[in-house]
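Chain and residue survey
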Amino acid sequence: MIKKRNQQFMAVWVMIVLVLASCSSKDENMASKSSEGGGSSTSMKRESAKEDKQPAADQGRKMIYTSEIMISVQNVKKVRSEVEQLTKQMGGYIVESESLSEEEGQNGGYLKIRIPKKDFLVFTKKAGELSSGSPHEIINGRDVTEEYTDLEARLKAKRIVRNRLESFMKNANKTEDLLAISKELSGVQEQIEKIQGRINYLENQSDFSTVTVHFEVKNIGMKNNEELNTWGKSKTLFKETWNGLVHTISYLIIALIGLSPVIILFMAIGGAWLYLRRIKRSKKETKP
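Residues numbered from 1 in each chain as written. Predicted model: local features only at pLDDT ≥ 70, side-chain atom pairs only at ≥ 80, totals over all residues. Heavy atoms only, no water.

1. A closer look at the overall build of the chain
- The secondary structure content of the chain amounts to seven helices and six strands.
- Each of the 288 residues in the chain was classed as buried or not, and the buried ones make up 28%.
- Counted over contacts in the chain with a minimum sequence separation of 6, partners at least 24 positions apart contribute 82%.
- Surface summary for the chain: the accessible area is close to 20,100 Å², and the carbon and sulfur share equals 57%. (Helix = DSSP H or I, 4+ residues; strand = E, 2+ residues; numbered from the N terminus. Buried < 20%, exposed > 50% of the residue type's maximum accessible area, 1.4 Å probe, protein only. Contact = heavy atoms within 4.5 Å. Areas by Shrake-Rupley, 256 points an atom, 1.4 Å probe, with all protein chains shown as cover.)

Put into structure tokens, the structure is as follows:
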């Protein structure tokens, strides 16, 4: 009798845990949808004046900052090297880089950089000062505090459910109970890892801001520019002329080979006509 009551009691607890896990899963789906559609974002455009400190409203909140800076330079390699050194000094790192090949006097490129959030505005200010003219800058900020707080609460609830399932598994005697609890425990653990991964991503994006520095070449000396343009145009014209000549010769060879039966036929007809005409002319000359 006591054993039967224990089995009934265990079955009731398993049903309660399954209901809690199901409700938690529904809450997770609703929260994920709200986090995808929600979240506030701010955008600021500035030319030169910037603050050196993070806004006071950011304190205690999870903010993700991104920035796009367009700077005008005369020597891309020099300014690029200075930006890379500035990145290392501030504890940042480069995640993406592109260098445009020099063609007809034009070159440039960009650097995508991750900078600690505390030095984000200082870095953008110093990078903008490397421009030979007024830099163009766009700063975007996204507040993910609500999503981050919700994820922490869901993670805590999932861990509680996991601990209960583990304790039930230790006391379970029937094979079907063990299988049911094990299956539910596996699903809860998967949800915990998914939530933890999202939390880690938000922490990384919040702790390090993303800055993309674009290099635009301007004010190149007229003499050097003309020399580069002349040389580039000469190479282009030579290539086009050579390609056109090769194409023409190739086309003629293909035409001769492809039309050879027709050409031979016309040559045979023409030869026969000339031969007959010559014979006819010779007969006229031999007549008295």
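Next comes the rest of the account.
2. Some words on the nonpolar core
- Counting 22 residues, the largest nonpolar core has I71, V83, I113, F123, V213 and F215 as its most contacted members.
- Listing elements by their share of this core, those giving two or more residues are β2 (63–73), α2 (76–89), β4 (106–116), α3 (120–129) and β6 (208–217).
- With five residues, β2 is the single largest residue contributor to this core.
- If sequence neighbours within four positions are ignored, F123 has contacts with V83, L86, T87, M90, I113, I115, V211 and V213.
- Membership of the second largest hydrophobic core comes to 16 residues, among which are V144, L155, F168 and I181. (Core = buried A, V, L, I, M, F, W, Y, C linked by side-chain atoms within 4.5 Å.)

3. Notes on the UniProt feature "transmembrane region" (unreviewed entry) in the chain
- In the UniProt entry, the feature "transmembrane region" (unreviewed entry) is given for residues 249–276.
- The annotated region residues 249–276 carries 96% helix and 0% strand content, and the separation between its end C-alpha atoms amounts to 36 Å. (UniProt positions renumbered as here; feature names shortened; annotations may be inferred.)

4. Points about the packing of helix α4 (residues 145–171) against helix α5 (residues 175–207)
- Put simply, α4 and α5 touch, their axes get as near as 9 Å, and they point 155 degrees apart. Taken as axis vectors, α4 and α5 run roughly antiparallel relative to one another. Seen from above, α4 lies across α5 with left-handed handedness.
- Here the contact of α4 with α5 is built from residues that sort into 15 nonpolar, four polar and ten charged. (Axes fitted to C-alpha atoms, helices over the stretch in contact; angles between N-to-C directions. Parallel < 35°, antiparallel > 145°, perpendicular 65-115°, else oblique. Left-handed = near helix turned anticlockwise from the far one by under 90°. Nonpolar A, V, L, I, M, F, W, Y, C, P; charged D, E, K, R; others polar.)

5. A short note on the confidence of the model for the chain
- On average, residues of the chain carry a pLDDT of 76, and 71% of them reach 70 or more.
- Low pLDDT (under 50) marks residues 1–6, which in the prediction has zero contacts with non-local residues, meaning those over four places away or in another chain.
- Taken as a whole, residues 220–224 scores under 50 in pLDDT and shows two contacts with residues more than four places along the chain or in a different chain. (pLDDT = per-residue confidence, 0-100.)

6. Things to note about α5
- Compared with an ideal rise of 1.5 Å per residue, which puts 33 residues at 48 Å, α5 spans 47 Å between its outermost C-alpha atoms and is within 8% of the ideal.
- Here α5 has its buried residues at D177, I181, L185, V188, Q191, I192, I195, I199, L202, Q205 and S206. (Expected span 1.5 Å × (residues − 1).)

7. Looking at the packing of aromatic side chains
- Going through the model one piece at a time under the given rule, you end up with two aromatic pairs.
- Plain terms: the ring middles of Y65 and F120 are 5.5 Å apart, the flat faces sit at 20 degrees to each other, and that makes the pair stacked. Taken as a pair, Y65 in strand β2 and F120 in helix α3 lie far apart in primary sequence, 55 residues in all. There is no split in this pair, since Y65 and F120 are both buried.
- Between Y93 and F208, the aromatic rings sit 5.7 Å apart at their centres with planes inclined by 55 degrees, giving tilted as the arrangement. Highlighted residues: Y93 in strand β3 (residues 93–103) and F208 in strand β6, separated in sequence by 115 residues.
- What makes Y93 partly exposed here is its relative accessible area of 34%.
- Assessed through its relative accessible area of 23%, F208 is described here as partly exposed. (Phe/Tyr/Trp six-rings, centres within 6.5 Å; stacked < 30°, edge-to-face > 60°.)

8. A word on α3
- Along α3, the residues classified as buried are F120, L121, F123, T124, A127 and G128. Down the axis of α3, the sector holding all buried residues measures 160 degrees, keeping them to one side. (Arc of directions from axis to C-beta.)

9. Side note on the environment of E203
- Mapping E203 onto the fold places it in helix α5.
- As a C-alpha pair, E203 and Y148 span 55 residues in sequence and 8.6 Å in three-dimensional space.
- A distance of 2.5 Å separates a polar atom in the side chain of E203 from a polar atom in the side chain of Y148. (Polar contact = N/O pair within 3.5 Å; in protein donor to acceptor, adjacent residues only side chain to side chain.)

10. A closer look at a positive patch on the surface
- A cluster of basic residues, R277, R278, K280, R281 and K284, forms a positive patch on the protein surface.
- By secondary structure assignment, the location of R277 is in helix α7 (residues 260–286). (Patch = residues over 30% accessible without salt bridge, like charges linked within 9 Å, V, L, I, M, F, W, Y side chains within 5 Å. Salt bridge = Lys/Arg side-chain N within 4 Å of Asp/Glu carboxyl O. Lys, Arg positive; Asp, Glu negative; His and termini not counted. Charge placed at Lys NZ, Arg CZ, Asp CG, Glu CD.)

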